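Now for the letters of each chain:
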Amino acid sequence: RRFQRYKRNSTERSTSFRPSSYAKSIDTMTISYSDKFLSLLLRWKGSLWKAIWKHLLLFIFLYYCINIAYRFFMSPAQQEIFLRYILIFDDFTKYIPLTFLLGFYVAMIVRRWWACCQLISWPDHLLFNISALIRGSDPETRIIRRTIARYAILTSVLAWRSISLRVLKRYPTDEHLVHSGLMTREELTMFKNIHVKVDPHQKWFVPVNWIQTMMVRCFEKGTLTHTNELRVLLDALEKFRNGFFQLFIYDWIAIPLVYTQVSTISVYGYFAFALIGRQYPSVNQFREPVDVYFPVFTILQFLFYVGWLKVGEDLMFPFGADDEDFEFNYILDRNLEVSFLIVDDLHNQVPPVYVESLKEEVELLHTKGSASLSTHPQRQHLRKYKMKEGDKKIYFEHKVHPMTSSALSDTHSCSYSDIEQAILTTNHEKVEGIRRNQRDEERGELKGRTLASATAGGGRTALPRHSISAQRAAATGLANHKPS
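Small disclaimer: the values here were computed from a predicted structure and weren't measured.

A separate point is the overall build of the chain. Tallying secondary structure elements over the chain gives 19 helices and four strands in all. Carbon together with sulfur atoms contributes 60% to the accessible area of the chain, which is approximately 32,400 Å² in total.

Attention now goes to the UniProt feature "transmembrane region" (unreviewed entry) in the chain. The sites that UniProt annotates as "transmembrane region" (unreviewed entry) are residues 52-72, 92-110, 247-272 and 292-309. Regarding residues 52-72, the helix share stands at 100% and the strand share at 0%, and the terminal C-alpha atoms are separated by 30 Å. Note that residues 92-110 is 74% helix and 0% strand, and that its end C-alpha atoms are spaced 30 Å apart.

Looking now at unusual backbone geometry. Here the phi dihedral of Q202 falls at roughly 60 degrees; this positive angle occurs in a residue that is not glycine. Looking at the secondary structure, you find Q202 in the loop between α11 (185-192) and α12 (206-221). The partly exposed category is assigned to Q202, whose relative accessible area is 37%.

Looking at the element boundaries, S263 is found in helix α14 (residues 257-277). For S263, a relative accessible area of 0% corresponds to the buried category. Excluding residues that lie within four positions of it along the chain, S263 makes contacts with L101, L102, Y105 and L309.

Moving on, we get to the layout of surface pockets. Taken as a whole, the largest pocket encloses approximately 790 Å³ of empty space. As for the largest pocket, its lining consists of 21 residues, of which G46, S47, L48, V311 and E324 are closest to the centre. Mapped by element, the contributors of at least two residues to the lining of the largest pocket are α4 (48-72) and α15 (296-316). With six residues, the single largest contributor to the lining of the largest pocket is α15. When its residues are assigned to classes, the lining of the largest pocket shows ten nonpolar, three polar and eight charged.

All right, on to helix α16 (residues 328-345) then. Here α16 contains 18 residues, and its C-alpha end-to-end distance of 25 Å stays within 8% of the 26 Å for a straight helix at 1.5 Å per residue. For α16, the set of buried residues is F328, N329, I331, L332, D333, N335, V338, S339, F340, I342, V343 and D344. At the N-terminal boundary of α16, the capping side chain belongs to E327, with an oxygen 3.3 Å from the backbone nitrogen of N329.

Okay, the side chain of T184 next. Following the sequence through the fold, T184 ends up in the loop between α10 (174-179) and α11. Contacts of T184, omitting those with residues within four sequence positions, involve R150 and V178.

What follows deals with the packing of aromatic side chains. Overall, the coordinates contain 26 aromatic pairs when judged by the stated rule. Ring plane angle 85 degrees and centroid distance 5.3 Å describe the contact between Y63 and Y64, whose orientation is recorded as edge-to-face. Note on F326 and F328: the rings are 6.1 Å apart at their centroids and 90 degrees apart in plane angle, and the pair reads as edge-to-face. In this structure an aromatic cluster arises from ring pairing among W113, W114, W160, W204, F205, F240, F244, F248, F317, F319, F326 and F328. Here K203 stacks its cationic end above the ring of F191, 4.4 Å away from the centre of that ring.

So, on to a nonpolar patch on the surface. A surface patch of nonpolar side chains, amounting to about 500 Å² of accessible area, comprises W44, L48, W49, W53 and L57. Its place among the elements puts W49 in helix α4.

Here we take up the nonpolar core. Judged by nonpolar contacts, the single largest core of 52 residues is most densely connected at I134, I148, W160, L177, M215 and F328. Looking at this core, the elements that each hand over two or more residues are α7 (124-133), α8 (139-160), α10, α11, α12, α13 (227-252) and α16. Top contributing element to this core by residue count: α8, with eleven residues. Discounting chain neighbours no more than four positions away, the residues touching W160 are I120, S121, V167, F244, L247, F328, I331, L332 and N335. Judged by nonpolar contacts, the second largest core, of 22 residues, contains I52, V106, L275 and I299.

Conventions adopted
Residues numbered from 1 in each chain as written. Predicted model: local features only at pLDDT ≥ 70, side-chain atom pairs only at ≥ 80, totals over all residues. Heavy atoms only, no water. Helix = DSSP H or I, 4+ residues; strand = E, 2+ residues; numbered from the N terminus. Areas by Shrake-Rupley, 256 points an atom, 1.4 Å probe, with all protein chains shown as cover. UniProt positions renumbered as here; feature names shortened; annotations may be inferred. Buried < 20%, exposed > 50% of the residue type's maximum accessible area, 1.4 Å probe, protein only. Contact = heavy atoms within 4.5 Å. 1 Å grid on protein atoms, 1.4 Å probe; cavity = no way out; pocket = protein on both sides within 12 Å on 5 of 7 lines; lining within 4 Å. Points joined across faces, edges and corners; volume = space filled by probe spheres on them. Nonpolar A, V, L, I, M, F, W, Y, C, P; charged D, E, K, R; others polar. Expected span 1.5 Å × (residues − 1). Polar contact = N/O pair within 3.5 Å; in protein donor to acceptor, adjacent residues only side chain to side chain. Phe/Tyr/Trp six-rings, centres within 6.5 Å; stacked < 30°, edge-to-face > 60°. Lys NZ or Arg CZ within 6 Å of the ring centre and 35° of its normal. Patch = residues over 30% accessible without salt bridge, like charges linked within 9 Å, V, L, I, M, F, W, Y side chains within 5 Å. Salt bridge = Lys/Arg side-chain N within 4 Å of Asp/Glu carboxyl O. Core = buried A, V, L, I, M, F, W, Y, C linked by side-chain atoms within 4.5 Å.

In structure tokens form, the structure reads like this:
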């Protein structure tokens, strides 16, 4: 009955609590762009103009205030003195390593911003394992899978609510979680009875513990048949939990304040000196006055450097409600829909497969639009390289090959037939040397035994036949040996 009541009210609960910002979520999401170059320059949302227009108007206003005072309220003598200060302040701007400081600062912040983006926890991996290992279409098993999916979304809300302004405005209290169907009254009572004093993010990990307990009980009951299955689910749950914890670390430990202050002071100090140093009439390289009424290059510098600094300021805290901040509300809506599809609607679902499909060929077709596009397939960069016939011969050296004859003692290149001939020649010389040694030994033994028998009284002793035959067999076998 509880399952039927939950299923009947799930649609009403998911649609009953919709904040006013939900209808505008598409317009307030992280800005994505894909358009022509000129159209991109004229866009306002998430653009350079929106980031720095106030600072640019203030700079132009101060610039022309000084310029009007110089032109209309100073005497010629005062203008001459002021011109000297213009040259001095213009030189001061050259001593500020603005590009060096901003380059390292913004590069560090962009790497940190992308690392935070990679740590956003998606429940897909966890729930795919849940659907694969906790199988069954009976009401009890379906409730287990759907409850685990709901707890995963509840964990996301509780964790992101403590770091994201968007999620905090959407779910400011625990009662909003009950109204949206993410938590029941019984669960809310248990949740409130848990007290956390040290962790600033409070009780975000409680639903993770509930999921873990449900997995262990499924193993004890026999729904999970092996400890490896439980291990797979626990590993997926740990990966899901670790993403939230790493985001808390990034939210806690920010870029050192000293680095931020140095970069900010260098940018605004540079343009403070430029207010006077870039006044006109100034002088060119020949010390001649050049009167320009609008500082074009200075305005371009302001767009580049201040816009660069604003990029770092906007990406330093990506959990707010700016154009380039993470759209956690959209992620929650997407995860809720996909989670229940994985664990319920798509569970144990597969199209029928027939034997006739073995004869069906798969062909990747093109439309006229895709066929007209240019293709650049992968190619081997050495496909056109050709070696000379002389370079294909093996490089042969006497010191490297131990079986080289004296005729090949000098370093030169040879073919396979030359190597084989050299090895055969070496073997033949070794065989002849062994045979000569055997004949000399036989003659020496016969001569010695003849003298011994004559000394002993004329007796005659024969040489053992087995030693002579063994030596001859060894010599014959070495002679018949051919190189592989």
